[in-house]
Amino acid sequence: MEEAPGELVPALEHLSATLREVEDPGTSPQDRQEVLSSTHEVIALLEKIDDPGTPRELRRQLTELVQQTTSTLEMGQDPEVPPEERRMITWVTQQTARVFPLFGDPNTPQDQQEQLAGTANRMLTALAEGHDKKEVAKVARDMGAAMNQIGDPDTPKRERKGLAKSTHQVGESLEKLSDPSSSTEEKAEARKALEKEVARMQEEQKKAASAQNLPDVSLGKAAEVCTSAAFSMVPERALNWGLSILLPERWDTEGVKDFWIATEQGNESLKVTAQLQNDEYANAPFETARLVTQLAELLPADRLVETIGNPSLYCLQSAWRLHEELGIRAGTWLQLAMEKKDGGP
């Protein structure tokens, strides 16, 4: 904070306050982990801002991005905001922060850096201001998955460029939709444009995933990455509905508030950790084959990439391994996995 430009001191004070908030034992490990991850990326932004080689306009955008990110993170810890909304805000902010390392990467073109900075600012601003909450939250979640994919080092450069451009266009329409000064007619036009641009963005996500090979990993590792990504990116209500038949008796009785993470235990089972409705944390073994097949029912192949981004490739690999090793078919995932294996990227 002592080295930061004067205009960023208030933002860093907000960030320090948020870090103190998540030290509270009552903070969920999920929220704490996401805030710490976002903070790490904000520090990388400060280094880029401090770099004398950073162009003036980009420095201005990144300064605004630090201010908006720290403000949104603080909002995600506000007890007056409903818990489900706070969880979504923290998650979207973390996904957005996945692109921050690109600003310090000399291989990222300057125009793409400016484009991404503008996109992130628009998305976080719309999320924080909360106009048309349900619409904004849905689009912000979609954009969060896209930003995660843009920031993934495995995404090829050409596909990252196309995805960054389409996500930028979504951000521009989202800004118009969430502008309180926009008329009813202007909002209606923005809503129509937004639907088309989100669809285009999701097509770019699929292109980016299609340009990559399936990861050459074991069934256990593929299922771990796939399941943990689904736990992070799929809304809890959908997970509770889709996985209800797999829950241990006590989990079913108490109810699950948040599926957190999955850890491989060989190829046959995954240790799943969840927060129950009574705020207790519990873990239990889940049979890998049943968990993967249930997720494949919940997330058909045509919605997989747009929902969880590049980890979808691990889902397809888990489907391939299940079929090859156990003769089990995981919904529509297997067909797409077979096409990838046959045709490559």
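This text gives an overview of the structure that appears in the document. (Residues numbered from 1 in each chain as written. Predicted model: local features only at pLDDT ≥ 70, side-chain atom pairs only at ≥ 80, totals over all residues. Heavy atoms only, no water.)

Before going further, it helps to examine the packing of aromatic side chains. Within this structure, the stated rule accounts for 4 aromatic pairs. Aromatic pair phenylalanine 100 and phenylalanine 103: ring centres 6.2 Å apart, planes at 40°, arrangement tilted. Accessibility classification places phenylalanine 100 together with phenylalanine 103 in one group, the buried group. Pairing tryptophan 260 with tyrosine 281 gives two aromatic rings, centres 6.1 Å apart and planes at 70°, and the pair type is edge-to-face. With tryptophan 260 in strand 1 (residues 256-265) and tyrosine 281 in strand 3 (residues 281-287), this pair connects stretches of sequence that are 21 residues apart. Relative accessible area serves as the criterion here: at 24%, tryptophan 260 is assigned to the partly exposed category. The residue whose ring lies beneath arginine 141 is tryptophan 91, and the NZ or CZ to ring-centre distance is 4.9 Å. (Phe/Tyr/Trp six-rings, centres within 6.5 Å; stacked < 30°, edge-to-face > 60°. Buried < 20%, exposed > 50% of the residue type's maximum accessible area, 1.4 Å probe, protein only. Helix = DSSP H or I, 4+ residues; strand = E, 2+ residues; numbered from the N terminus. Lys NZ or Arg CZ within 6 Å of the ring centre and 35° of its normal.)

Viewed as axis vectors pointing N to C, helix 7 (residues 157-178) and helix 8 (residues 184-210) meet at an angle of 160°, and their least axial separation amounts to 8 Å. In this view, helix 7 runs roughly antiparallel relative to helix 8, as classed from their interaxial angle. For the pair helix 7 and helix 8, the crossing hand works out as left-handed. Here the contact of helix 7 with helix 8 is built from residues that sort into 10 nonpolar, 7 polar and 8 charged. (Axes fitted to C-alpha atoms, helices over the stretch in contact; angles between N-to-C directions. Parallel < 35°, antiparallel > 145°, perpendicular 65-115°, else oblique. Left-handed = near helix turned anticlockwise from the far one by under 90°. Nonpolar A, V, L, I, M, F, W, Y, C, P; charged D, E, K, R; others polar.)

So, on to unusual backbone geometry. Even without glycine at this site, aspartate 279 takes up a positive phi of about 70°. Counting through the fold element by element, aspartate 279 comes out in the loop between strand 2 (269-276) and strand 3.

All right, on to the environment of alanine 193 then. Its place among the elements puts alanine 193 in helix 8. Distance in space between the C-alpha atoms of alanine 193 and glutamate 172 is 9.9 Å, their sequence separation being 21 residues.

The residue leucine 291 is located in helix 12 (residues 288-298) in this model. On a C-alpha basis, the gap between leucine 291 and aspartate 216 in space is 20 Å, while along the polypeptide they are 75 residues apart. With near-sequence residues (within four places) excluded, leucine 291 lies in contact with Thr227, Leu243, Leu246, Leu270, Val272 and Phe286. (Contact = heavy atoms within 4.5 Å.)

Let's shift gears to the layout of surface pockets. Summary: where empty space remains is shown by rolling a probe the size of a single water molecule over the atoms. The space that makes up the largest pocket amounts to roughly 1,500 Å³. Lining the largest pocket are 47 residues, with Glu84, Glu85, Arg87, Met88 and Arg141 positioned closest to its centre. Listed by contribution, the elements that provide at least two residues to the lining of the largest pocket are helix 4 (83-97), helix 6 (133-151), helix 9 (219-233), helix 10 (236-243), strand 1 and helix 13 (301-308). Counted by class, the lining of the largest pocket contains 17 nonpolar, 12 polar and 18 charged residues. Considering only enclosed or pocket space, the second largest pocket measures out at about 570 Å³ in volume. Per-element tally for the lining of the second largest pocket: the top contributor is helix 9, with 6 residues. (1 Å grid on protein atoms, 1.4 Å probe; cavity = no way out; pocket = protein on both sides within 12 Å on 5 of 7 lines; lining within 4 Å. Points joined across faces, edges and corners; volume = space filled by probe spheres on them.)

Counted by the stated rule, this structure contains 19 salt bridges. Its salt-bridge partner being arginine 122, residue glutamate 175 comes within 3.1 Å of it at the nearest N-O pair. Highlighted residues: glutamate 175 in helix 7 and arginine 122 in helix 5 (residues 110-129), separated in sequence by 53 residues. Among the ionic pairs, glutamate 264 bridges to lysine 221, the shortest N-O distance being 3.9 Å. Here the residue glutamate 264 occupies a position in strand 1, and lysine 221 occupies one in helix 9, the gap between them amounting to 43 residues. Classification of glutamate 264 by relative accessible area gives partly exposed; the value is 28%. On the basis of relative accessibility, which here comes to 29%, the residue lysine 221 falls in the partly exposed class. (Salt bridge = Lys/Arg side-chain N within 4 Å of Asp/Glu carboxyl O.)

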